[in-house]
Amino acid sequence: QSISRGVNRRKQPAMKRTDNPNINTRNYWNSLYNGKEERTKYVDEQTKDVNRFQAALDVVSEGDKVVDMGCGVGLFTKLVKHTFPECEVWGTDIS
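Residues numbered from 1 in each chain as written. Predicted model: local features only at pLDDT ≥ 70, side-chain atom pairs only at ≥ 80, totals over all residues. Heavy atoms only, no water.

Thoughts on the packing of aromatic side chains
Turning to step 1, where the next piece is worked out: Enumeration according to the criterion identifies one aromatic pair in this entry.
Turning to step 2, where the next piece is worked out: Between F53 and F76 the ring centres are 5.4 Å apart and the planes differ by 40 degrees, which places this aromatic pair in the tilted class. Taken together, the residues span a long stretch of sequence, with F53 in helix α3 (residues 51–57) and F76 in helix α4 (residues 75–83) at a distance of 23 residues.
Turning to step 3, where the next piece is worked out: Using a relative accessible area of 13% as the deciding quantity, one classes F53 as buried. (Phe/Tyr/Trp six-rings, centres within 6.5 Å; stacked < 30°, edge-to-face > 60°. Helix = DSSP H or I, 4+ residues; strand = E, 2+ residues; numbered from the N terminus. Buried < 20%, exposed > 50% of the residue type's maximum accessible area, 1.4 Å probe, protein only.)

Below, the structure is given as structure tokens:
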């Protein structure tokens, strides 16, 4: 039996291609933040408050598989990998 039985499923529109070969590169992110300086400032501001990551990091153990959904620029993803080098760590974001 299917769990989704009786659920009205609407067909979702297909994702649009951007034809931007520069997506998810340093140049792409720098352009979103109006240059390297603004991006660096954003990353610095986010890393000041590492306590927000600590609760999640407390439940990770060496060798775990971790998926960071909505990872942004990957701050938590990098923290997990740095703290637990044997973990398999994946990060994904809408962009």
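Describing the nonpolar core
Turning to step 1, where the next piece is worked out: Among the nonpolar cores identified, the biggest contains 13 residues, and V60, V66, F76, V80 and C87 are the most heavily contacted of them.
Turning to step 2, where the next piece is worked out: When residues of this core are traced back to their parent elements, those giving at least two are α3 and α4.
Turning to step 3, where the next piece is worked out: Here the element with the most residues in this core is α4; it accounts for three residues. (Core = buried A, V, L, I, M, F, W, Y, C linked by side-chain atoms within 4.5 Å.)

Re the pairing of strand β2 (residues 88–92)
Turning to step 1, where the next piece is worked out: As paired strands, strand β1 (residues 65–69) and β2 are joined by five bridges and run parallel to one another. Paired with K65 across the strands is E88, a residue of β2.
Turning to step 2, where the next piece is worked out: The parallel pair β1 and β2, bridged by α4, forms a crossover whose chirality is right-handed. (Pairing = 2+ DSSP bridges. Right-handed = clockwise from strand over helix to strand, strands pointing away.)

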